[in-house]
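Chain by chain, the residues:
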Amino acid sequence: MLQMDDDDVPQLLVADTNFDAAGRPLERPKVPITLLTGYLGAGKSTLLEYILTAEHGYRIAVCMNDFGDTTDIEAKSLQLSNPSDPNAPSSSLLALPNGCLCCSVKDMGIAAIEDMVASQRDKIDWVVVELTGLADPAPIAKDFWANEEMGDLVLDSVICVVDSRNVLKQLAEEREDGAPNEAQKQVACADVILLNKADLVPAAELDNVAAAVADVNSTLRVHRTVRGNVRLAELFDLRAFTSPAVAALPEPEACCAEDDHAHTHAHAHGMKGPNTVSTITVHLPTLPTDKFERLNAFLESLLWNGTVPTLPGGKAWEGATPDILRTKGYAVLADGSARVIQGVADLFEVRTLDPTANAGAGAGAGAGGAEPRPKIVFIGRGVDETLGEWVRAYVGV
Ligand SMILES: Nc1nc2c(ncn2[C@@H]2O[C@H](COP(=O)(O)OP(=O)(O)OP(=O)(O)O)[C@@H](O)[C@H]2O)c(=O)[nH]1
């Protein structure tokens, strides 16, 4: 059975600001949502079964593509009609003895999940949605994230489960058009990764798997698991898309870390090539406002317009524009304020950090709880030192 210490208890409701019809700000609680991604057969359903049967005391609604093997869990089946269309076919819900709800989301879109939460609002503390094995999580994460201001849900994090025995092969598969494959996209988009089926792989090989996933996305929080068995506190309340969890991003491996504040770094543990997905971390000094605005302009150009901007001296970017799957950043301004930057594909936002907020429960706050280092991180294809140098030159740091 899963045990949680009092200290580990996640804060289940995240307050966010909304506005009423008269434009007055309105505090209202949101239900956090976790997206679960991972290649075919990696162990997503197994992790969900573990969550659904654990004695954690939380009312978690788990949305699966189908009920699969969980239907034999002792449960009471409920019928849920769609409140926005009472004539639409109802979806099935299983009410489980530990307070969890299991719902079948086959062909259900975001709106249906929102409706399900709205109609069961007093019965749900958290929602976990399993994506299909070949799904690119980025557009789905983007939709939930963009929808946040309107709906009852707030995106907490993307969790990726990988089959440690097969993931190296899956990551190395090349697409004819050179585009990132599904496994790469899933790892790139995630905040947490479970190196699952650790029982089937020798420890040394598991180290290689850990290095390979860090090559793709060095910001991941990594757990080695058997049948998804991990403390729930490692999966919930990470607030990866809302400030200030990003400030606690893991730093690059010791082999790569340098003290230079404007150091750029692209991992090079073996899988590198022009079409592989990788991470670059650009450390930033404290920025005067005008330089922060330059950084913002760089992001607008790269992410919104798909263009690497020309440098102040007139030098133009040559070659293909990097294909950015995820952006994370933390900037400290000369006036003492801080900004958190989050991006999924072409969508990004900058939030001013609330100086009174703590660095994110369960987020493992930086190495040894150290002060987070200002940085901007790009995860994507065609991401290398050249891009890092370009950011620095454009911003002027
Ligand atoms: N040995 C071992 N087997 C596991 C582990 N986790 C899951 N499995 C088995 O791997 C198979 C696939 O697991 P699932 O949980 O169905 O994987 P999934 O990611 O939901 O699969 P899809 O829905 O096809 O994408 C099942 O037979 C599981 O019992 C593990 O840690 N070790």
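Note that this is a predicted model, so its numbers are computed, not measured.

Quick notes on the rules
Residues numbered from 1 in each chain as written. Predicted model: local features only at pLDDT ≥ 70, side-chain atom pairs only at ≥ 80, totals over all residues. Heavy atoms only, no water. Phe/Tyr/Trp six-rings, centres within 6.5 Å; stacked < 30°, edge-to-face > 60°. Helix = DSSP H or I, 4+ residues; strand = E, 2+ residues; numbered from the N terminus. Buried < 20%, exposed > 50% of the residue type's maximum accessible area, 1.4 Å probe, protein only. Axes fitted to C-alpha atoms, helices over the stretch in contact; angles between N-to-C directions. Parallel < 35°, antiparallel > 145°, perpendicular 65-115°, else oblique. Left-handed = near helix turned anticlockwise from the far one by under 90°. Contact = heavy atoms within 4.5 Å. Domains from an automatic or database assignment. Buried area = accessible area lost by both parts, 1.4 Å probe. Salt bridge = Lys/Arg side-chain N within 4 Å of Asp/Glu carboxyl O. Polar contact = N/O pair within 3.5 Å; in protein donor to acceptor, adjacent residues only side chain to side chain. Nonpolar A, V, L, I, M, F, W, Y, C, P; charged D, E, K, R; others polar. Near = heavy atom within 4 Å. Areas by Shrake-Rupley, 256 points an atom, 1.4 Å probe, with all protein chains shown as cover.

Trainee: Tell me what's going on with the packing of aromatic side chains, and back it up with residues and numbers.
Mentor: This model, assessed by the stated rule, comprises six aromatic pairs. When the centroid spacing of 5.0 Å and the interplanar angle of 70° are considered together, the rings of W126 and F236 count as edge-to-face. Remark: F236 occurs in the loop between strand 10 (221-224) and strand 11 (264-266) and W126 occurs in strand 7 (residues 126-130); sequence separation between them is 110 residues. Between F298 and Y394, the aromatic rings sit 5.7 Å apart at their centres with planes inclined by 55°, giving tilted as the arrangement. Note that F298 is positioned in helix 7 (residues 289-304) and Y394 in helix 8 (residues 385-395), a separation of 96 residues in sequence. When its relative accessible area of 0% is taken as the criterion, F298 is described as buried.

Trainee: Outline the packing of helix 7 against helix 8, listing residues and values.
Mentor: Between helix 7 and helix 8, the least distance of the axes is 8 Å, while the angle of their chain directions is 135°. Considering the angle they form, helix 7 stands oblique to helix 8. The hand of the helix 7/helix 8 crossing is right-handed. Within the contact between the two elements, helix 7 uses K291, R294, L295, A297 and F298 and helix 8 uses L387, W390, V391, Y394 and V395.

Trainee: Please give an account of the domain arrangement of the chain that cites residues and values.
Mentor: Once the domains are mapped, the chain shows domain 1 (6-234) and domain 2 (250-395). Listed as interface residues are 26 residues of domain 1 and, on the opposing side, 30 residues of domain 2. The contact between domain 1 and domain 2 buries some 2400 Å² in all, and 57% of this surface belongs to carbon and sulfur atoms. Between domain 1 and domain 2 we count three salt bridges in total. Close ionic contact of R326 with D191 constitutes a salt bridge, the shortest N to O distance being 2.9 Å. Run the count over domain 1 and domain 2 and you get eight residue pairs in polar contact (both at pLDDT 80 or more). Elements with a minimum of two residues in the side of domain 1 that touches domain 2: helix 3 (137-147), helix 5 (182-189) and helix 6 (203-216). Residue classes in the side of domain 1 that touches domain 2 are distributed as 14 nonpolar, five polar and seven charged.

Trainee: Describe the site of the ligand, with residues and values.
Mentor: In the vicinity of the ligand, 15 residues are found, and the nearest of them are K44, S45, T46, D199 and R227. Contact distances for the ligand include 2.8 Å between an oxygen atom and a side-chain N or O atom of S45. With respect to the ligand, the side chain of N196 contributes an N or O atom lying 3.1 Å from a nitrogen atom. Calculation on the ligand without its partners gives an accessible area of 650 Å², and the protein chains cover 68% of this total. The element best represented in the shell around the ligand is helix 1 (residues 44-53), accounting for three residues. Class assignment of the residues belonging to the shell around the ligand gives a composition of five nonpolar, five polar and five charged.

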